[in-house]
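Single-letter residue listing:
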Amino acid sequence: MRRLRPYGGDPWQSFLDICGASTHQRRRPRLAEVRAVIEDRYQDYLNLNGDFLRIAAYSDFSKEQSDALKKCYETEAPALKLLKEAIRQLQDPSVRGVCQNCGLNEPNTFDHYIPKDEFPEFAIHPHNIVPCCQQCNDLRRRKPWRDEHGCRTFHFYFDDVEVSERHLVARIIRDGNDEPRMLFECSSSPEAPGFGGRYSRHAETLQLPRRLEERAPTELDRICNELAATAELLPGAPEASERIDRLRDRSRNVATRMKKVRGPNHWEVAAWHAVAAAPWFIERCLARQNREASCDDQV
């Protein structure tokens, strides 16, 4: 998980540019009616400085006014397309191609951090539309965006997600067929205070443990092949126990390098820590390599 860079232009000017497009000509009377309110609300958003628990919904919009505001996002004007592309290009290349909510998918859409159905005035606010994948976007809509414990997910423009402690942990177990299986869990409960509880609520909302476990078989197979290839390059033809120890050290080093690039709570960091803690899994990978090599020799 990495922070994303917020749009650096003037949010109010973006609103004027988008709503002034010919695409929204029929909605202009309704938008003109609420212009002063929207300008004040944009200032409120800025003044919150990321503390979105304090914001209350504005209840005096008519249905027609609310629909007009939401249509400013749902009907893409050229200025909105330009805004979205500017937000994408602002992001560091190392995070641009991955949804920071989950670390699994391509960010192929945008998520309204404060939902536009409840807060239509922020439907096109540049700091309220965040790159994400469609799956995370759909899952966020199914749960309230905040509850009695706080906001349920991170706002990647405002929240400090690059903390040093790990809250996503993984472990490798043997399933009923004696096959390796990787499980993911959060180290804190959703009710816990601070970052740990917030991370757990984020993971719960986006069903991260389940989604990561679905990805795990492919990842375990890839890691196993990588460990086997590394073992072949170990100098000095070490004994089996020494090879396993070296590969455990190497797994920790991989996790450390990934942590610097992707953050401590990225699922691949947790996966490599789990490998380092499971010498039996490494031994199994080396045994598979030996079997495959033996088959190749027989052929």
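The preceding data block contains the structure.
Each value, and the rule that gives it
- Residues numbered from 1 in each chain as written.
- Predicted model: local features only at pLDDT ≥ 70, side-chain atom pairs only at ≥ 80, totals over all residues.
- Heavy atoms only, no water.
- Axes fitted to C-alpha atoms, helices over the stretch in contact; angles between N-to-C directions.
- Helix = DSSP H or I, 4+ residues; strand = E, 2+ residues; numbered from the N terminus.
- Parallel < 35°, antiparallel > 145°, perpendicular 65-115°, else oblique.
- Left-handed = near helix turned anticlockwise from the far one by under 90°.
- Contact = heavy atoms within 4.5 Å.
- Nonpolar A, V, L, I, M, F, W, Y, C, P; charged D, E, K, R; others polar.
- 1 Å grid on protein atoms, 1.4 Å probe; cavity = no way out; pocket = protein on both sides within 12 Å on 5 of 7 lines; lining within 4 Å.
- Points joined across faces, edges and corners; volume = space filled by probe spheres on them.
- Buried < 20%, exposed > 50% of the residue type's maximum accessible area, 1.4 Å probe, protein only.
- Pairing = 2+ DSSP bridges.
- Salt bridge = Lys/Arg side-chain N within 4 Å of Asp/Glu carboxyl O.

J.: Could you give me a rundown of the packing of helix α9 (residues 208-232) against helix α10 (residues 240-262), with the residues and numbers involved?
T.: At a minimum axis separation of 11 Å, α9 and α10 run at an interaxial angle of 120°. As judged from the angle between their axes, α9 and α10 are oblique. Our pair here, α9 against α10, has a crossing hand that is right-handed. Between α9 and α10, the residues in contact are E226, L227, T230 and A231 and R243, L247, R250 and S251, respectively. Of the residues belonging to the contact of α9 with α10, the class tally is 3 nonpolar, 2 polar and 3 charged.

J.: Summarise empty space enclosed by the protein; cite the residues concerned and give the values.
T.: Summary: where empty space remains is shown by rolling a probe the size of a single water molecule over the atoms. All chains considered together, the criterion is met by 2 cavities of 30 Å³ or more. Taken as a whole, the largest cavity spans an internal volume of roughly 40 Å³. For the largest cavity, the full set of lining residues is N101, D111, Y113, V130, R140, T153, F154 and F156. A class-by-class count of the residues in the lining of the largest cavity yields 4 nonpolar, 2 polar and 2 charged. In this structure, the second largest cavity is lined by F15, Y42, L69, C72, P120, E121, F122, A123 and I124. Among the residues making up the lining of the second largest cavity, the classes are represented as 8 nonpolar, no polar and 1 charged.

J.: Pulling in residues and values, what's your account of the pairing of strand β2 (residues 129-132)?
T.: Residues of β2 alternate between two faces, with I129 and P131 on one and V130 and C132 on the opposite face, all of them buried. Here 4 bridges tie strand β1 (residues 109-112) to β2, and the two strands are oriented antiparallel to one another. If you follow F110 over to β2, its bridge partner there is P131.

J.: Any details on the layout of surface pockets? Residues and values, ideally.
T.: Size it by volume and the largest pocket reaches roughly 280 Å³. In this structure, the largest pocket is lined by 15 residues; those nearest its centre are D111, H112, P115, K116 and R141. Those elements that place two or more of their residues in the lining of the largest pocket are β1 and α7 (134-141). Of the residues that constitute the lining of the largest pocket, the class distribution is 6 nonpolar, 2 polar and 7 charged. Computed from the structure, the second largest pocket encloses a volume of approximately 240 Å³. What lines the second largest pocket is a set of 14 residues, among which E179, P180, L220, D221 and F281 lie closest to the centre. Among the elements of the structure, β6 (180-186), α9 and α12 (279-298) are those that each provide at least two residues to the lining of the second largest pocket.

J.: Mind laying out the pattern of salt bridges, listing which residues take part and the relevant values?
T.: By the definition in use, this model includes 28 salt bridges. Across the salt bridge formed by R198 and D159, the nearest N and O atoms sit 2.6 Å from each other. In this pair, R198 sits in helix α8 (residues 194-205) while D159 sits in the loop between β4 (150-151) and β5 (168-174), placing the two residues 39 residues apart along the sequence. For R198, a relative accessible area of 15% gives the class buried. Taking relative accessible area as the criterion, D159 reaches 12% and is therefore assigned buried. Of the charged contacts in the structure, one is a salt bridge between E226 and R250, with a shortest N-O distance of 2.9 Å. Pair noted here: E226 is in helix α9 and R250 is in helix α10, with a separation of 24 residues, a long-range link. Residue classification places E226 among the partly exposed residues on the basis of a relative accessible area of 25%. Residue R250 is classed as partly exposed on the basis of its relative accessible area, which comes to 23%. It is possible to trace a salt-bridge network through shared partners that takes in E219, R222, E226, R250, R262 and E268.

Note that all results are geometric; they support no functional claim without further evidence.
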